[in-house]
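# Structure at a glance
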Amino acid sequence: MPLLKNNAFVADEFVTLPDESALPISGKVILSFQRFLNSLDEISKSGATIGVRLSNTDKADALVPNFSKIMLIVLPFPAFADGRAYSIARQLRLEGYRGELRAAGNVLLDTLQLILQVGF
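Residues numbered from 1 in each chain as written. Predicted model: local features only at pLDDT ≥ 70, side-chain atom pairs only at ≥ 80, totals over all residues. Heavy atoms only, no water.

### Let's talk about the environment of Ser39
The condition that has to hold: Only DSSP runs of H or I reaching four residues or more are called helices, and only runs of E reaching two or more are called strands; each is numbered from the N terminus. Here the term buried applies to any residue with accessible area under 20% of the maximum for its type, exposed to any over 50%, and partly exposed to those in between, with areas from a 1.4 Å probe on protein chains only.
As for its placement among the helices and strands, Ser39 is situated in the loop between α1 (33-38) and α2 (40-45). A relative accessible area of 6% means that Ser39 is categorised as buried. Taking the C-alpha atoms as reference points, Ser39 and Ile115, 76 residues apart in sequence, are found 30 Å from one another.

Written as structure tokens, this is what we have:
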């Protein structure tokens, strides 16, 4: 799927890592929310750049103490009418997250202005 970043389509440098896979020594990987929380010691020892994929039901505030370990947070838009990711993005920004927020899924270009306003 194309990645729109800074008004251009770019290659995605991150790879989604299955929960059962070993954490690589380097590279850019996206972990599930639960895998991230369960692997904090392993992550601290790894040289990998970490991203976290949330679901709309994950408690995003659990990430706050670990913002310095997270370079990317992926928030889902599972359906056109599901706007929970807007609220989660805003919450993360208010909590102080300054890394990359990525909208994934059913994202409409008509909502681009709102997406930018909440911090994506």
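### Details of helix α3 (residues 84-94)
Operational definition: Note that the arc is computed from the directions linking the helix axis to the C-beta atoms.
Within the sequence span of α3, burial applies to Ala85, Tyr86, Ile88, Ala89, Leu92 and Arg93. What you see down the axis of α3 is that its buried residues fit within an arc of 165°, all on one side. Along α3, the residues that are exposed and aim more than 90 degrees away from the buried face are Ser87 and Leu94. Where α3 terminates, the next one or two residues include Gly96, which has phi positive at roughly 110°.

### Section: the sheet that holds strand β7 (residues 100-105)
Note the threshold: Strands are labelled as partners when DSSP assigns at least two bridges between them. Working rule for contacts: check all heavy atoms of both residues, and any pair within 4.5 Å makes them a contact. Note on method: axes are straight lines fitted to C-alpha atoms, helices fitted across the in-contact stretch only, with angles between N-to-C directions ranging 0 to 180 degrees.
Pairing within the open sheet is parallel, and its 5 strands lie in the order β3-β4-β5-β6-β7. The open sheet is flanked by β3 (15-16) and β7, the only strands paired with a single partner. Relative to strand β6 (residues 72-77), strand β5 (residues 49-53) runs parallel, the two being bridged by 3 bridges. Each bridged residue has a counterpart across the sheet, and for Val52 the counterpart in β6 is Ile73. In the packing of α3 onto the sheet, contacts are made with β6 and β7, and the angle to β6 comes to roughly 155°.

### Looking at the pattern of salt bridges
Our working rule: The salt bridge definition used is simple: a Lys or Arg side-chain nitrogen within 4 Å of an Asp or Glu carboxyl oxygen.
Under the criterion given, the structure shown has 4 salt bridges. One salt bridge in this structure joins Arg102 and Asp12, with 3.0 Å as the shortest N-O distance. Of this pair, Arg102 sits in strand β7 while Asp12 sits in the loop between β2 (8-10) and β3, and the two are 90 residues apart along the sequence. The exposure class assigned to Asp12 is partly exposed, which follows from its relative accessible area of 37%. Across the pair Glu100 and Arg102 runs a salt bridge, and its minimum N-O distance is 3.4 Å. Using a relative accessible area of 22% as the deciding quantity, one classes Glu100 as partly exposed.

In short, shape yes, function no, at least from these values alone.
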